[in-house]
Amino acid sequence: MVAATLSNAPLDSARHRLRELFGFADFRGVQAQVVARVLAGQSTLAVMPTGAGKSLTYQLPATMLEGTCIVISPLIALMHDQLRAARANGIRAATLTSADTDRETTIAAFRAGELDLLYVAPERASQPHFRDLLTSAPIALFAIDEAHCVSEWGHDFRPDYRLLRPLMDALPDVPRLALTATADAHTRADILAQLGIDAAGIIIAGFDRPNISYAIRPRDGGVRQLAALMAAAPGPGIIYAPTRRKVEELAERLAATTGRSVRPYHAGLDPAVRAGNQAAFVESEDMVMVATVAFGMGIDKPDVRFVAHAGIPKSIESYYQETGRAGRDGDPAQAVLFWSAEDFVRARQRLAEVDDGRVAAERARLDALAGLVETAGCRRAVLLRHFGEAPPDECGNCDNCLEKPAVRDATELARKLLSAVYRTGQSFGFGYVQNVLTGNADERVRQRGHDALGVFGIVDSGEAPLLRPVSRALQARGTLVATQHGGLALGGNARAVLKGEETVEIVIPPASRKRRGAVANPVGDPLFDALRELRRKLAQDGGVPPYVIFHDATLREIAAARPASPAALARVPGVGAKKLEAYGAELLDAVRQYG
Ligand code: ADP
Ligand code: ZN
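Structural notes, computed from the coordinates. For clarity, every value in this text was computed on a predicted model and none was experimentally measured.

### Focus: the coordination of the zinc ion (ligand 2)
Ideal coordination angles are 109.5 degrees for a metal with four donors arranged tetrahedrally and 90 or 180 degrees for a metal with six donors arranged octahedrally. Protein coordination of the zinc ion (ligand 2) is provided by Cys378 (SG), Cys395 (SG), Cys398 (SG) and Cys401 (SG), with donor distances spanning 2.3 to 2.4 Å. Taken together, the 4 donor atoms coordinating the zinc ion (ligand 2) span angles of 101 to 119° at the metal, a pattern that classifies the geometry as tetrahedral. Written as a sequence motif, the donor residues of the zinc ion (ligand 2) are C-x16-C-x2-C-x2-C. Of this pair, Cys378 sits in the loop between α15 (356–374) and α16 (379–386) while Cys395 sits in the loop between α16 and α17 (399–402); the two residues are 17 residues apart in sequence, bridging distant segments of the chain.

So this is what it looks like as structure tokens:
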């Protein structure tokens with residue numbers, strides 16, 4: 001029984017250590033189950049969404065078990081973030097990578113049993129002297145981060161991950177802990193097989209990220225909408241744009257219109273500039289990064305307050321992963337997607353370049369995405385159902401739950417639009433077809449004699465404003481497709497709609513969405529402001545990003561509790577022993593002065 005497992009003795013001492021080391025009151029979600037298995041020496045695959053607190057599930061046992069925990073991680077940048085955070089909590093950690101100059105010291109510390117965690121890249125696993133090294137001191141655990149990289153089904157296959165199995169098999173008594181945030185059933189099964197973990201050892205956390213508020217809107221003057229979002233969300237943010245050119249253009253225009261610090265990130269930038277932009281973003285408390293999807297996996301920044309998409313993502317999976325980079329610290333965060341019909345049209349055109357074997361799957365991906373974009377129901381429910389969960393019908397924290405959009409039966413208007421496209425020869429763009437339907441006989445229309453068609457002028461001025469939303473919806477669904485020259489043509493279920501066999505409903509977003517602040521921080525509290533200022537100074541002195549010192553949530557708790565003694569300060573969640581020792585005096589000073 002779960003309750004019995006959760007109250008066992010090793011877990012109680014783990015909870016004690018959790019408070020002492022990290023200052024957290026208790027485990028979150030499935031953390032306790034994962035930690036209990038690790039402490040019991042059982043191999044495990046933990047599927048936990050971003051922000052669920054995966055790293056703690058091996059960092060904590062690593063400080064309790066005999067020997068060193070070997071952590072396999074795919075990116076050096078990711079390792080260094082982890083290292084910094086672990087050390088800030090007083091955990092003895094080191095990395096062993098080609099970029100390190102202190103390798104001899106690290107190896108000596110490992111041999112002397114002085115390391116809780118040793119981070120290595122997967123390619124090291126095949127090196128004979130690394131295997132020898134592992135037999136020279138006790139190993140507590142193999143932790144395999146981003147474990148989906150081992151699977152060809154996963155979205156980031158890394159052949160080097162296949163080298164891990166022989167390495168681990170050579171030490172059969174050491175338990176394995178594989179961790180990933182995204183894995184469909186297929187990939188999960190493959191990870192288990194590739195890493196030699198029993199199927200009973202899988203623990204899957206729910207995919208819900210309740211602190212992320214989702215909103216999806218038609219794009220309408222992209223820069224203006226993004227600037228408005230930035231004005232409402234003062235913290236760090238990421239804006240995903242589809243192309244390098246778009247990244248540069250948006251970064252420039254947003255910097256100019258908002259006055260905020262905005263930087264670009266894409267694979268075409270000079271590596272030094274790119275690394276510099278990333279480092280500046282990680283340290284910053286208000287920077288906005290405009291980026292292609294190349295920006296992501298290596299970024300372990302918990303205080304990202306919003307993720308915006310300036311165009312549609314590739315799939316619901318990518319959308320979930322990209323938006324998941326917001327609000328890992330658990331504070332309120334926003335995910336806003338701005339889409340247009342052209343996004344879908346272009347994506348459907350690209351299907352022509354896909355191998356025959358994959359077309360059906362890729363089309364299904366796009367249809368699922370169109371379903372998310374076009375739903376009048378809860379966005380979160382659509383997302384979670386996509387991942388196989390059975391969520392409640394309403395979440396109360398997405399645009400559609402907060403303000404119900406209108407749903408209209410637009411079948412008649414859709415039929416008029418489709419037949420006008422058909423009658424004019426399936427080669428004209430939306431503007432032209434609109435002219436025909438609304439009876440606007442301009443020069444081009446007259447020249448072609450289209451003012452004599454039966455569809456000429458059949459849409460009155462009351463219905464005309466709905467033509468664009470209807471066209472948008474039909475394009476998203478593939479009922480209308482683009483010709484080579486950018487004209488509209490019938491596709492998908494167009495004939496069924498024309499014959500009256502299928503209906504078309506469209507969702508009309510409310511004219512003005514209520515603006516909701518995404519930040520729960522107190523405004524105008526002098527103590528909170530002073531604590532943030534102090535954190536900035538401590539971060540600068542220590543050469544680390546502010547969130548490594550304390551999260552906003554911890555500063556809020558301190559400002560609310562106004563602790564007067566080290567003992568009272570230690571009771572604030574997020575204040576562990578190491579941080580109490582390092583920053584306690586200055587924090588208490590600030591409370592005395594401003595509290
Ligand atoms: P993941 O790797 O799963 O995305 P992290 O390990 O980066 O998540 O953890 C996300 C954030 O949650 C971190 O800032 C971490 O300090 C915090 N966290 C983890 N576990 C707990 C807990 N039990 N209580 C409170 N905060 C936690
Ligand atoms: Zn909802």
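So much for the structure itself; the text now carries on.
### Observations concerning the pattern of salt bridges
Using the criterion set out here, one finds 34 salt bridges in the structure. Put simply, Asp12 and Arg15 hold a salt bridge, and the shortest N to O gap is 3.5 Å. Here Arg15 and Asp12 lie together in helix α2 (residues 9–22), a separation of 3 residues that amounts to about one turn. Using a relative accessible area of 40% as the deciding quantity, one classes Asp12 as partly exposed. A relative accessible area of 16% places Arg15 in the buried class. Of the charged contacts in the structure, one is a salt bridge between Arg162 and Glu152, with a shortest N-O distance of 3.9 Å.

### Re the sheet that holds strand β11 (residues 288–291)
Strand order in the open sheet formed by 6 strands is β8-β13-β12-β9-β11-β10, with parallel pairing between adjacent strands. One side of each edge strand has no neighbouring strand; the edge strands of this open sheet are β8 (212–218) and β10 (262–265). Here the strands of the sheet are splayed against their neighbours by 15° on average, with no regard to which way each runs. Of the strand pairs in this sheet, β10 and β11 are connected by 4 bridges, and their pairing is parallel. What sits directly across from Val262, in β11, is Val288. Set on the sheet, helix α11 (residues 244–258) makes contact with β9 (237–240), β10 and β11; between it and β10 the angle comes to about 175°.

### So, the side chain of Thr375
Within the fold, Thr375 resides in the loop between α15 and α16. Overall, Thr375 belongs to the buried group, its relative accessible area being 16%. Among all residues touching Thr375, those that are not within four sequence positions of it are Val382, Asn400 and Val507.

### Describing the environment of Ala77
Tracing the sequence through the fold places Ala77 in helix α5 (residues 76–88). Separated by 144 residues in the primary sequence, Ala77 and Gly221 have C-alpha atoms spaced 36 Å apart.

### Comments concerning the site of ligand 1
Residues in close proximity to ligand 1 total 16 residues, the closest being Gly51, Lys54, Ser55, Arg328 and His551. Within the backbone of Gly53, one N or O atom sits 3.1 Å away from an oxygen atom of ligand 1. Taking Arg328, its side chain carries an N or O atom lying 2.6 Å from an oxygen atom of ligand 1. Within the complex, the protein chains bury 83% of what would otherwise be the 570 Å² of accessible surface of ligand 1. Residues belonging to the shell around ligand 1 are distributed by class as follows: 5 nonpolar, 6 polar and 5 charged.

Conventions we followed
- Residues numbered from 1 in each chain as written.
- Chains lettered and ligands numbered in written order.
- Predicted model: local features only at pLDDT ≥ 70, side-chain atom pairs only at ≥ 80, totals over all residues.
- Heavy atoms only, no water.
- Donors = N, O, S within 2.8 Å, 3.2 Å for Na, K, Ca; no water.
- Tetrahedral: all angles 85-135°; square planar, octahedral: opposite > 155°, others 65-115°.
- Helix = DSSP H or I, 4+ residues; strand = E, 2+ residues; numbered from the N terminus.
- Salt bridge = Lys/Arg side-chain N within 4 Å of Asp/Glu carboxyl O.
- Buried < 20%, exposed > 50% of the residue type's maximum accessible area, 1.4 Å probe, protein only.
- Pairing = 2+ DSSP bridges.
- Axes fitted to C-alpha atoms, helices over the stretch in contact; angles between N-to-C directions.
- Contact = heavy atoms within 4.5 Å.
- Near = heavy atom within 4 Å.
- Polar contact = N/O pair within 3.5 Å; in protein donor to acceptor, adjacent residues only side chain to side chain.
- Areas by Shrake-Rupley, 256 points an atom, 1.4 Å probe, with all protein chains shown as cover.
- Nonpolar A, V, L, I, M, F, W, Y, C, P; charged D, E, K, R; others polar.

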